[in-house]
Amino acid sequence: MKIDYIEFSSPKLTETKDFFSQAFGWRFNDYGPEYQELADAGISGGIAAGPLAPPLVILRTGDLEAALAKVEQAGAKITKPIFDFPGGRRFEFLEPGGTAMAVWSET
């Protein structure tokens, strides 16, 4: 699995989007009032409306169930079991050191 996406959160989505645009020249794909996808930031990513949290590193896989089993066996704490979202499915976890991560697949 490789890092595929990074997701920021912000309780002030519009202000965060404006900052990233002005400071870094990033553009966005607008997915409504709750989500903005990074269009040209050098890596795929987005900004979700919500409480402030550290960025979420998201890995991509072709077999979500196998990835879930693998991270559980390696000692991860699953924080959100597999769920559907527009574009695919994912789960979220904490690695043993406490970093929040996720794995997604298109199916």
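Refer to the preceding data block for the structure.
Here we summarise the structure given alongside this text. (Residues numbered from 1 in each chain as written. Predicted model: local features only at pLDDT ≥ 70, side-chain atom pairs only at ≥ 80, totals over all residues. Heavy atoms only, no water.)

### Some remarks on the pairing of strand 1 (residues 2–10)
Alignment of strand 1 against strand 5 (residues 56–60), held across five bridges, turns out to be antiparallel. Looking at strand 5, one finds that Ile3 is bridged to Leu59. Across five bridges, the pairing between strand 1 and strand 4 (residues 45–49) is parallel. Each residue of the ladder has a partner; that of Glu7, found in strand 4, is Gly46. (Pairing = 2+ DSSP bridges. Helix = DSSP H or I, 4+ residues; strand = E, 2+ residues; numbered from the N terminus.)

### Notes on the packing of aromatic side chains
Scanning all chains against the criterion turns up eight aromatic pairs. On the basis of an interplanar angle of 55 degrees and a centroid distance of 4.9 Å, the ring pair of Phe20 and Trp26 is categorised as tilted. Three or more aromatic residues joined by ring pairs form one cluster here, namely Phe8, Phe19, Phe20, Phe24 and Trp26. Seen from the ring of Phe85, Arg90 lies directly overhead, with NZ or CZ sitting 5.9 Å from the centre. (Phe/Tyr/Trp six-rings, centres within 6.5 Å; stacked < 30°, edge-to-face > 60°. Lys NZ or Arg CZ within 6 Å of the ring centre and 35° of its normal.)

### With respect to the pairing of strand 4
Burial within strand 4 is extensive, with four of its five residues counted as buried. Relative to strand 4, strand 3 (residues 35–38) is paired through three bridges, and the arrangement is antiparallel. Residue pairing for strand 4: Glu37 is matched across the bridge by Gly46. What sits between the antiparallel neighbours strand 3 and strand 4 is a turn of six residues, in which Gly42 has the positive phi angle 95 degrees. (Buried < 20%, exposed > 50% of the residue type's maximum accessible area, 1.4 Å probe, protein only.)

### Quick look at the nonpolar core
Within soluble globular proteins, side chains that are nonpolar generally end up buried alongside one another. The biggest cluster of nonpolar side chains holds 10 residues, and these are Leu59, Leu64, Ala67, Leu68, Val71, Ala76, Phe91, Phe93, Met101 and Val103. For this core, the secondary structure elements donating two or more residues are helix 2 (64–73), strand 7 (88–94) and strand 8 (100–105). Top element by residues in this core is helix 2. It accounts for four residues. Excluding anything up to four places from it in sequence, Val71 contacts Ala76, Ile78, Phe91 and Phe93. (Core = buried A, V, L, I, M, F, W, Y, C linked by side-chain atoms within 4.5 Å. Contact = heavy atoms within 4.5 Å.)

### A few points about the side chain of Gln36
With respect to the helices and strands, the residue Gln36 is situated in strand 3. Separated by 3.3 Å, the side chains of Gln36 and Lys17 make a polar contact. At a separation of 2.8 Å, a polar atom in the side chain of Gln36 contacts the side chain of Asp30. For Gln36, the contacting residues outside a window of four places in its chain are Leu13, Lys17, Phe28, Asn29, Asp30, Tyr31, Gly46 and Ile47. (Polar contact = N/O pair within 3.5 Å; in protein donor to acceptor, adjacent residues only side chain to side chain.)

### So, the layout of surface pockets
Put simply, the largest pocket is a space of about 420 Å³. Considering the residues around the largest pocket, the lining is formed by 14 residues, among which Tyr5, Glu7, Tyr35, Phe85 and Pro86 are closest to the centre. For the lining of the largest pocket, the elements supplying multiple residues, two or more each, are strand 1, strand 3 and strand 6 (77–85). The biggest single contributor to the lining of the largest pocket is strand 1, with three residues. Here the lining of the largest pocket is built from residues that sort into eight nonpolar, two polar and four charged. Looking at the second largest pocket, it is lined by 16 residues, and the ones nearest its centre are Glu7, Ala53, Leu56, Lys80 and Glu92. Put simply, the parts of the chain that give the lining of the second largest pocket at least two residues each are strand 1, strand 6, strand 7 and strand 8. (1 Å grid on protein atoms, 1.4 Å probe; cavity = no way out; pocket = protein on both sides within 12 Å on 5 of 7 lines; lining within 4 Å. Points joined across faces, edges and corners; volume = space filled by probe spheres on them. Nonpolar A, V, L, I, M, F, W, Y, C, P; charged D, E, K, R; others polar.)

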